[in-house]
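The residues making up each chain are set out below.
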Amino acid sequence: MFPTLKTGAVMQYPGKRVLQFSTDVVRFLDGTEQRYRDYAAVLHRWTIKLDLLDESELAAYDQFFVSNQGSFGTFSFTDPWDGTVYANCSLAADTFAFTVTGEMRGATTVTVCENRT
Amino acid sequence: MLYFPQLSTGATGQFPIQKKLTARTIVNQSVQDYEIKLADPGAATTEWQISFAELNDQELAALEVLFAATEGRLTPFTFVDPTDNLLAWSEALNQAIWQADPLLTLTANIADPLGGTRAFQVSNAGLATQILQQAIAAPASLEYCLSVYVRSDQSAQVWLVQGSQTNAYTISPEWTRLASAGQQSNEDETISFGVALNPGSTVDVFGMQVEAQPAASLYKQTAETGGVYPNARFRDDVMTITTVGPNRNSCEMNIINVEHL
């Protein structure tokens, strides 16, 4: 389960999500072109920037990263914009870093990406 | 045993602290974005960047002694993560790392104070005090704080165990977070923490946590690894110290734990 904050929220503002297609374009000498879709469907990616986290919340993300072995593991992620559940998602990076500048003042950024199934 | 020293306050670090975990995943990616992934757990690393300010000469000397003894990044030392719970499996008291005396009975999935069902009920059916404890591979001479949530419908007392010290605490049917801080005088290279139950008592236990500091911070859940790193190293061969006045020193330490070394 992807960790939630103590408020129950998954993200904080500013939230960022990316929708990605992949299109192959073959351009001919006369300027016309043919286009092919590489992806069967759109892929989603969410960048979750978190601030003012307490130690428990940071520890939950730390454990989640370790248990997933970075970008290796998969989990289901609920899009906080529309509640859609994406069953096959991963952490986008093999690195997880956080900074604690004081008590209950932790900050981190996590990126979740949808995998092709 | 080489280990990272505590400051005179009992803290291992100062704010700000940065921690970075790195994993390695081998990815075979197709043009359609299908992926085959392989994990490489042996390549995992953990790094800390700790900035120290206003250190007195004694605190700085302790850091310098360690840096000299390790010869920079050459030799490993034990590092207790100031941002983590030092106990492993903090919510799985039935894991093998926990040593339960033979007459203790553990029941999982008990309601916990955070609204879940991750607490354990611990019962002592024997006629003598029984202990549930975990040993960590960290120096006994550091100052530690053991904290745990407990409640009981029928027992009025529980003991917190920290090395050779035990302290009795009164408990009630309401969840209470107990904390016991202290420092051992011996030079052992491991130390055990846990709870001890009087004969015939039953206590609900949740969120056992140990930190190398004089007071408890918020509870942090752990799984197979706690916050003790016996093979940590300095990341650099250079230690830069700035002194702005008598007994006023600052320096920055970069520490790394690499699983495959």
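A quick note: this is a predicted structure, and the numbers were derived from the prediction, not measured.

Novice: Outline the domain arrangement of chain B, supporting the account with residue identities and numerical values.
Specialist: All names here are of chain B. Partitioning chain B into domains gives domain 1 (17-83 + 228-258) and domain 2 (99-211). Put simply, the middle of domain 1 and the middle of domain 2, counted by C-alpha atoms, are 31 Å apart. Counting residues at the interface gives four residues for domain 1, matched by five residues for domain 2. Elements with a contribution of two residues or more to the side of domain 1 that touches domain 2: β5 (77-80) and β16 (228-234). Across the side of domain 1 that touches domain 2, the residue classes break down as three nonpolar, one polar and no charged.

Novice: I'd like a rundown of the sheet that holds strand β10 (residues 143-151) of chain B, residues and numbers included.
Specialist: Note on sheets: strands pair through backbone hydrogen bonds, and any given pair is parallel or antiparallel. Residues and elements named next belong to chain B. Sheet architecture is open: five strands sit in the order β7-β8-β15-β10-β13, paired in antiparallel fashion. Among the strands making up the open sheet, the edge pair consists of β7 (104-110) and β13 (176-183). Averaged over all adjacent pairs, the angle separating strand axes in this sheet is 30°, with direction ignored. Note: β7 against strand β8 (residues 119-124), five bridges, orientation antiparallel.

Novice: Mind laying out unusual backbone geometry, listing which residues take part and the relevant values?
Specialist: What is expected of a backbone is that most residues other than glycine have negative phi and most peptide bonds are trans. Omega for the bond connecting Tyr13(A) with Pro14(A) falls within 30 degrees of zero, at -5°, which places this linkage in the cis form. Relative to the assigned elements, Pro14(A) resides in the segment before β1 (16-20). Along the chain, Phe15(B) connects to Pro16(B) via a cis peptide bond; the corresponding omega equals 0°. Checked against the element boundaries, Pro16(B) lands in the segment before β1 (17-22). Located in the positive-phi region is Gln69(A), a residue other than glycine, with phi close to 55°. Positive phi, close to 55°, is recorded for Glu54(B), a residue that is not glycine. Mapped onto the elements, Glu54(B) comes out in strand β4 (residues 45-55).

Novice: Can you explain the sheet that holds strand β9 (residues 130-136) of chain B? Please cite residues and give values.
Specialist: All names here are of chain B. An order of β6-β9-β14-β11-β12 is seen for the five strands of this open sheet, with the pairing classed as antiparallel. Each of the sheet's edge strands pairs with one partner strand only, and the pair in question is β6 (99-100) and β12 (165-170). As judged from the seven bridges shared by β9 and strand β14 (residues 191-197), these two strands associate in the antiparallel manner. Bridging across to β14, Leu132 finds its partner in Val195.

Novice: Describe in detail the interface of chain B and chain A, supporting the description with residues and values.
Specialist: Taken residue by residue, the interface counts 28 residues in chain B and 29 residues in chain A. Broken down by secondary-structure element, the contributors of at least two residues to the side of chain B that touches chain A are β1 and β3 (35-39) of chain B. The element best represented in the side of chain B that touches chain A is β1(B), accounting for six residues. Counted by class, the side of chain B that touches chain A contains twelve nonpolar, eight polar and eight charged residues.

Thresholds applied
- Residues numbered from 1 in each chain as written.
- Chains lettered and ligands numbered in written order.
- Predicted model: local features only at pLDDT ≥ 70, side-chain atom pairs only at ≥ 80, totals over all residues.
- Domains from an automatic or database assignment.
- Contact = placed C-beta atoms within 7 Å.
- Helix = DSSP H or I, 4+ residues; strand = E, 2+ residues; numbered from the N terminus.
- Nonpolar A, V, L, I, M, F, W, Y, C, P; charged D, E, K, R; others polar.
- Pairing = 2+ DSSP bridges.
- Axes fitted to C-alpha atoms, helices over the stretch in contact; angles between N-to-C directions.

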